[in-house]
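Each chain, written out:
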Amino acid sequence: MPDDGVTEAHVERETLKVDVNIPEHDARVTTELFRRTRLALIERDGGRCFICGRTAAEAGPLEAHHHPIERCFADEIDWQRVAIDCRAGLWGIHAATFDWPKFDPAHWEVFVDDMTV
């Protein structure tokens, strides 16, 4: 290959490491809503990871994480703002179609633990 000063197209793999400060919080609880909707999520999405698109057979055990709100941050959230953003579609169709009129911020777990949103 001649040295013409041009770098050929290539793949570069990068790893991103992020430190997240997690506030003090109550012990994790696996609610019935989380269990039930996690299974519904896996069935709905064909057992594919929403990040990489691979199945458990291709990538290992699938994890279900709270999205877009992590449990440990739920008490610090402006739920009115979240509802506005979700209804506008910023967090996807499933969060947009959540039953926001019946949502009570005092019971945020009905949104946070529902893996189908």
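Residues numbered from 1 in each chain as written. Predicted model: local features only at pLDDT ≥ 70, side-chain atom pairs only at ≥ 80, totals over all residues. Heavy atoms only, no water.

> I'd like to hear about the packing of aromatic side chains, residue by residue, with values.
Enumeration according to the criterion identifies seven aromatic pairs in this entry. Look at Phe98 and Phe111: their rings are 5.0 Å apart centre to centre, the planes differ by 80 degrees, and that puts the pair in the edge-to-face class. One end of the pair, Phe98, is in the loop between α4 (93–96) and α5 (109–112); the other, Phe111, is in helix α5, and 13 residues separate them in sequence. Since its relative accessible area comes to 14%, Phe98 is described here as buried. Taking 4.9 Å as the distance between ring centres and 40 degrees as the angle between the ring planes, the aromatic pair formed by Trp100 and Phe111 counts as tilted. Note that Trp100 is positioned in the loop between α4 and α5 and Phe111 in helix α5, a separation of eleven residues in sequence. Here Trp100 matches Phe111 in class, with each residue buried. (Phe/Tyr/Trp six-rings, centres within 6.5 Å; stacked < 30°, edge-to-face > 60°. Helix = DSSP H or I, 4+ residues; strand = E, 2+ residues; numbered from the N terminus. Buried < 20%, exposed > 50% of the residue type's maximum accessible area, 1.4 Å probe, protein only.)

> Any chance you could break down helix α1 (residues 32–44) for me, citing the residues and the numbers?
The terminal C-alpha atoms of α1 lie 18 Å apart, and with 13 residues this matches the ideal 18 Å at 1.5 Å per residue to within 8%. Residues Phe34, Thr37 and Leu41 constitute the buried set of α1. Taken end-on, α1 shows its buried residues confined to a sector of 80 degrees, consistent with a single buried face. Residues of α1 that are exposed and angled more than 90 degrees away from the buried face: Glu32, Arg36, Leu39 and Glu43. Gly46, located one to two residues past α1, shows a positive phi value of around 65 degrees. (Expected span 1.5 Å × (residues − 1). Arc of directions from axis to C-beta.)

By themselves, these observations are geometric and do not establish any function.
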